[in-house]
Amino acid sequence: MENRELKPCLFAIGAIVYVLGKYLPSDYAPLLLLECKISHIEHRQFVAYRIDGETGKWCFSKKHYNKSVFTDKQKAIEEWNRRAENEKS
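Residues numbered from 1 in each chain as written. Predicted model: local features only at pLDDT ≥ 70, side-chain atom pairs only at ≥ 80, totals over all residues. Heavy atoms only, no water.

Visitor: Please clarify how the overall build of the protein should be interpreted in this entry.
Guide: Within the protein, the regular secondary structure consists of 1 helix and 5 strands. Along its sequence from the N terminus, the protein presents helices and strands in the succession β-β-β-β-β-α. Going through the 89 residues of the protein one by one, you find that 27% of them count as buried. Here the analysis covers contacts within the protein between residues at least 6 apart in sequence; of these, 43% occur between residues at least 24 apart. Here the protein has roughly 6,900 Å² of accessible surface; of this, 52% comes from carbon and sulfur atoms. (Helix = DSSP H or I, 4+ residues; strand = E, 2+ residues; numbered from the N terminus. Buried < 20%, exposed > 50% of the residue type's maximum accessible area, 1.4 Å probe, protein only. Contact = heavy atoms within 4.5 Å. Areas by Shrake-Rupley, 256 points an atom, 1.4 Å probe, with all protein chains shown as cover.)

Following this line, the structure appears as structure tokens:
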């Protein structure tokens, strides 16, 4: 039998996260870097809302950690810049 360790989840309700996302599922929509606060869990996903008062609901799970949702603002900025550079090429 396999011995699998549970990895701790780095997301928590009330935490601030930085989300790389789009408002439209289009290649032409700009990739945004949004500062959000995790509000609750719904359908086994974390739900976060923008903290600047603008509209936006973002749902994600721990598999999105450091891919499209970050707890470290600097890492989020670096990834956003990297993706923006790749879109120009």
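The rest of the description comes next.
Visitor: How should the side chain of Arg50 be read in this particular structure?
Guide: Structurally, the position occupied by Arg50 is in strand β3 (residues 45-50). For Arg50, a relative accessible area of 18% corresponds to the buried category. Looking at Arg50, its side chain comes within polar contact range of the side chain of Tyr23, at 2.7 Å. One polar contact links Arg50 to Asp52, side chain to side chain, over a distance of 2.7 Å. (Polar contact = N/O pair within 3.5 Å; in protein donor to acceptor, adjacent residues only side chain to side chain.)

Visitor: Sorry if this is basic, but what is going on with the pairing of strand β4 (residues 57-60) here?
Guide: Each regular strand displays side chains that alternate between the two surfaces of the sheet. Side-chain alternation along β4 places Trp58 and Phe60 on a buried face and Lys57 and Cys59 on a face that remains uncovered. Between the end of β3 and the start of β4, which pair antiparallel, lie 6 residues, with Gly53 showing a positive phi angle near 90°. (Pairing = 2+ DSSP bridges.)

Visitor: Can you help me understand the side chain of Glu79 in this one?
Guide: Position of Glu79 among the secondary structure elements: in helix α1 (residues 73-88). Judged by its relative accessible area of 15%, Glu79 falls in the buried class. A polar contact is formed between the side chain of Glu79 and the side chain of Arg82, at a distance of 2.6 Å. In this view, Glu79 contacts Leu20, Lys67 and Phe70; residues no more than four positions away in its chain are not counted.

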